[in-house]
Amino acid sequence: MKTKFHEKIGKIVLGTVILTSTLIAGTASAQQSTWDVRDDHTSIWSRQQAEQVALTEETTAPVIDTDFENAAPDVWIWDTWPLQNRDGSLAIIKGYRVAFALVAPRTFGWNERHTEARIGMFYSKNGKDWTYAGIPYEYDKAYGHQQWAGSAMLDEEGKVHFFYTATTDMNANGGKEWNQHDWVKRAEQRLAKTTFDISADKDGVHLTNEGEHQIILEADGEHYETIEQFQNHGNIITAFRDPFFFQDPNTGKEYILFEGQAGSNRNYLKPENIGDEEYRNTHTVPEGAENYNGNIGIAEVLDEDVTKLKLLPPLIESVGANHQLERPHVVVDGDNYYLLTISHKFTYAPGLDGPDGLYGFYGKGGLRADYKPVNNGTGVIVANPEESPFQAYSWMVLPDGQTISFINEPTDENGVVKYGGTFAPTLKVSFDGDKTTIKKEMEVGEIKPFGPYGRSLR
Ligand code: FRU
């Protein structure tokens, strides 16, 4: 079932022009043994695994009341992330917690917000009542016509490293003029950053001394699809977005994770993208499935300032199964790694179905583990309830299992869908081996102080 919104988003915003693919079937690469930690190992979320997606009591979110308040009445709020220290713990600035979120003026329609997205700043003393402090950067200095999701890290010297997605080649700053027409086809995305000094006083939190904006990573065409490759065979909007800074507590190495699409060297359906031999013999793959080519990308950080990056092969791919593995991030408990991502119902490849939800893959022994879907293979960590299937989106799990998200399109008891655009109630999720459970619902937008990555998540 698709809501009107999703039909619209599919048509106008994200585009559903399925072009004929010239992709060819490849041969199987050598099978990886379980827990094999190799620099170039890409795990696979296959069609066979994606068929196991299911809602359970432990993974279905409580229904969100449609009578909610807007945290910032003048702007739509969606993807949200807190300011974290380098080790992942929550940054506290003179008693204030800081969060960033995508924002767009409410004078634009709900469905128009993606092309008008900027990154806004919020601060709070108690982690529940957030003050909206506007857009902290000069739009004319930033890359992209729109700025999409990212992450923010406070280093030891007190510099804020502000990572974001620069979307489209249409740049307000002396670049090509913005043009809404067919923008999805030109929606090139690059990973960018700038820096700020941060201070706080009785008037709140201030970001000052904005640094140069820099592009730190672009699609290479080999592991990650470029906009030109997308133009040749794309369907739903391409991705090279959502940079997530992560310092691995077990190695001290630093990475940027991001949402990508398979590039030329993996952009075909391999037998393992479908499933094991028995499954392949008993299932047919619907035409066009190969155009759904999501992956979770990774680059190693080579310098303190996070400006020099080495692109690595993806951590996982869902070629043939799902087109979008959005806002990827990680939490760690000892040597248990949880690779987390959000995905939509409408981005499943033909023949597959699943909820708008937070999905997770469990691996052991290192960041580049052989990841398998959590929860006995369902892969679901938080799903919207069936009675309000689009109530929230863009979940982000913090290092202690607190899980933030935004209110998207909740359905009320009369079946009427409302537009959200504000913080959703935070959930607390526990992680134990490959099992996860939604433990409780916290307050709307709540972020409690949390420690670094690597602690117990049980
Ligand atoms: C997820 C998402 C992100 C992107 C943003 C654009 O909600 O699609 O991947 O950065 O929304 O609005």
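Residues numbered from 1 in each chain as written. Predicted model: local features only at pLDDT ≥ 70, side-chain atom pairs only at ≥ 80, totals over all residues. Heavy atoms only, no water.

As annotated in an unreviewed UniProt entry, the protein chain carries the name Glycoside hydrolase family 68 protein and comes from Bacillus taeanensis. Quoted verbatim from the Cofactor (unreviewed entry) field of UniProt, the annotation for the protein chain is "Ca(2+)". (UniProt positions renumbered as here; feature names shortened; annotations may be inferred.)

Asker: I keep staring at the overall build of the protein chain and nothing clicks. Help me out?
Answerer: Scanning the protein chain from terminus to terminus reveals five helices and 24 strands. A burial count over the protein chain gives 62% of its 458 residues as buried. Across the protein chain, contacts joining residues at least 24 apart in sequence account for 68% of those joining residues at least 6 apart. Carbon and sulfur atoms make up 47% of the accessible area of the protein chain, which totals about 17700 Å². (Helix = DSSP H or I, 4+ residues; strand = E, 2+ residues; numbered from the N terminus. Buried < 20%, exposed > 50% of the residue type's maximum accessible area, 1.4 Å probe, protein only. Contact = heavy atoms within 4.5 Å. Areas by Shrake-Rupley, 256 points an atom, 1.4 Å probe, with all protein chains shown as cover.)

Asker: Looking at this model, I keep getting lost on unusual backbone geometry. Mind explaining?
Answerer: Generally, phi is negative for residues other than glycine and the peptide bonds are trans, each holding for most cases. The backbone of Lys 94 sits at a positive phi, close to 45°, despite the residue not being glycine. Topologically, Lys 94 is positioned in the loop between β2 (75-85) and β3 (97-105). Judged by relative accessible area, which is 65%, Lys 94 ranks as exposed. Look at Arg 327: it is not a glycine, yet its phi comes out positive at around 40°. Residue placement: Arg 327 occurs in strand β15 (residues 326-333).

Asker: Before we go on, may I ask you to explain the nonpolar core in this structure?
Answerer: As a rule of thumb, nonpolar side chains are buried together in soluble globular proteins. In terms of nonpolar packing, the biggest core is built from 124 residues, with Leu 83 and Phe 100 touching the most fellow members. Here the element with the most residues in this core is β3; it accounts for seven residues. Setting aside anything within four residues of it in sequence, one finds Phe 100 in contact with Asp 79, Thr 80, Trp 81, Leu 83, Ile 119, Gly 120, Met 121, Pro 136, Ala 152, Phe 162 and Leu 207. Of all hydrophobic cores here, the second largest spans five residues; its members include Ala 262, Ile 274, Tyr 279 and Val 319. (Core = buried A, V, L, I, M, F, W, Y, C linked by side-chain atoms within 4.5 Å.)

Asker: Is there a simple way to think about a negative patch on the surface in this case?
Answerer: A contiguous patch of negative charge, built from Asp 65, Asp 67, Glu 69 and Glu 413, is present on the exposed surface. Relative to the assigned elements, Glu 413 resides in the loop between β21 (402-407) and β22 (422-423). (Patch = residues over 30% accessible without salt bridge, like charges linked within 9 Å, V, L, I, M, F, W, Y side chains within 5 Å. Salt bridge = Lys/Arg side-chain N within 4 Å of Asp/Glu carboxyl O. Lys, Arg positive; Asp, Glu negative; His and termini not counted. Charge placed at Lys NZ, Arg CZ, Asp CG, Glu CD.)

Asker: What is the right way to read the pairing of β2 from this model?
Answerer: Within a regular beta strand, the side chains point alternately toward one face of the sheet and then the other, so they alternate between its two faces. β2 sits mainly inside the fold: 10 of its 11 residues count as buried. Taken together, the six bridges between β2 and β3 define a ladder with antiparallel strand orientation. For Val 75, the partnering residue across the bridge sits in β3 and is Pro 105. (Pairing = 2+ DSSP bridges.)

Asker: Please explain the site of the ligand as it appears in this structure.
Answerer: Around the ligand, the neighbouring residues are Trp 78, Asp 79, Leu 102, His 114, Trp 148, Ala 149, Arg 241, Asp 242, Glu 259, Glu 326, Tyr 393 and Ser 394. Counting residues per element, the ones that place at least two in the shell around the ligand are β2, β6 (146-154), β11 (241-247) and β20 (392-397). (Near = heavy atom within 4 Å.)

Asker: Could you clarify how one ought to interpret the packing of aromatic side chains in this entry?
Answerer: Aromatic ring pairs are described here by two measures, namely the spacing of the ring centres and the angle between the planes. In total, this model carries 25 aromatic pairs according to the counting rule given. Summarising the aromatic geometry, the rings of Trp 45 and Tyr 348 are spaced 6.1 Å apart at their centres and angled 70° between planes, so their arrangement reads as edge-to-face. With Trp 45 in the loop between β1 (43-44) and α2 (47-50) and Tyr 348 in the loop between β16 (336-343) and β17 (357-364), this pair connects stretches of sequence that are 303 residues apart. Given a relative accessible area of 4%, Tyr 348 falls into the buried group. Three or more aromatic residues link up through ring pairs in this structure, and these residues are Phe 100, Tyr 137, Phe 162, Tyr 164 and Phe 196. The aromatic ring of Tyr 139 is capped on one face by Arg 118, whose charged end is 3.9 Å from the ring centroid. Sitting above the plane of the Phe 68 ring, Lys 418 keeps its charged end 4.6 Å from the centroid. (Phe/Tyr/Trp six-rings, centres within 6.5 Å; stacked < 30°, edge-to-face > 60°. Lys NZ or Arg CZ within 6 Å of the ring centre and 35° of its normal.)

Asker: Sorry, what's going on with the side chain of Ser 430 here?
Answerer: For Ser 430, the location among the structural elements is in strand β23 (residues 425-432). Residue classification places Ser 430 among the buried residues on the basis of a relative accessible area of 10%. Not counting chain neighbours up to four residues away, the residues in contact with Ser 430 comprise Lys 435, Thr 436, Thr 437, Lys 439, Leu 457 and Arg 458.

Asker: Explanation requested: the sheet that holds strand β13 (residues 293-301) in the structure shown.
Answerer: Strand pairs in the sheet, formed through backbone hydrogen bonds, run parallel or antiparallel to each other. The strand order across the open sheet built from five strands is β1-β14-β13-β12-β11, with neighbouring strands paired in mixed fashion. Only two strands of the sheet have a single neighbouring strand rather than two, namely β1 and β11. Relative to β13, strand β12 (residues 254-261) is paired through seven bridges, and the arrangement is antiparallel. Paired with Glu 259 across the two strands is Ile 296, which belongs to β13.

Asker: What is the right way to read the environment of Pro 350 from this model?
Answerer: Relative to the helices and strands, Pro 350 is located in the loop between β16 and β17. Overall, the relative accessible area of 27% leaves Pro 350 in the partly exposed class. Residues Pro 350 and Ala 289 lie 61 residues apart in sequence; the distance between their C-alpha atoms is 5.7 Å. Setting aside residues no more than four positions away along its own chain, Pro 350 makes contact with Arg 47, Pro 286, Glu 287, Ala 289 and Tyr 292.

Asker: Sorry, what's going on with the UniProt feature "binding site: Ca(2+)" (unreviewed entry) in the protein chain here?
Answerer: Residues annotated in UniProt with the feature "binding site: Ca(2+)" (unreviewed entry) correspond here to Asn 293. Among the secondary structure elements, Asn 293 is positioned in strand β13. When sequence neighbours within four positions are dropped, the list of residues in contact with Asn 293 reads Glu 225, His 233, Gly 260, Gln 261, Ala 262, Asn 267, Val 319, Asn 322 and His 323.

Asker: Mind showing me how you'd approach the environment of Asn 293 here?
Answerer: For Asn 293, a relative accessible area of 1% translates into the label buried. Sequence-wise, Asn 293 and Gly 320 are 27 residues apart; in three dimensions their C-alpha atoms are separated by 6.2 Å. A polar contact is formed between the side chain of Asn 293 and the side chain of Glu 225, at a distance of 3.1 Å. (Polar contact = N/O pair within 3.5 Å; in protein donor to acceptor, adjacent residues only side chain to side chain.)

Asker: Explain the side chain of Ser 343 to me, please; I cannot follow it from the model alone.
Answerer: Structurally, Ser 343 is set in strand β16. For Ser 343, a relative accessible area of 0% gives the class buried. A polar contact is formed between the side chain of Ser 343 and the side chain of Asn 322, at a distance of 3.0 Å. Apart from residues lying up to four places away in sequence, Ser 343 is in contact with Asn 322, Gln 324, Pro 355, Asp 356, Gly 357, Tyr 359 and Tyr 393.

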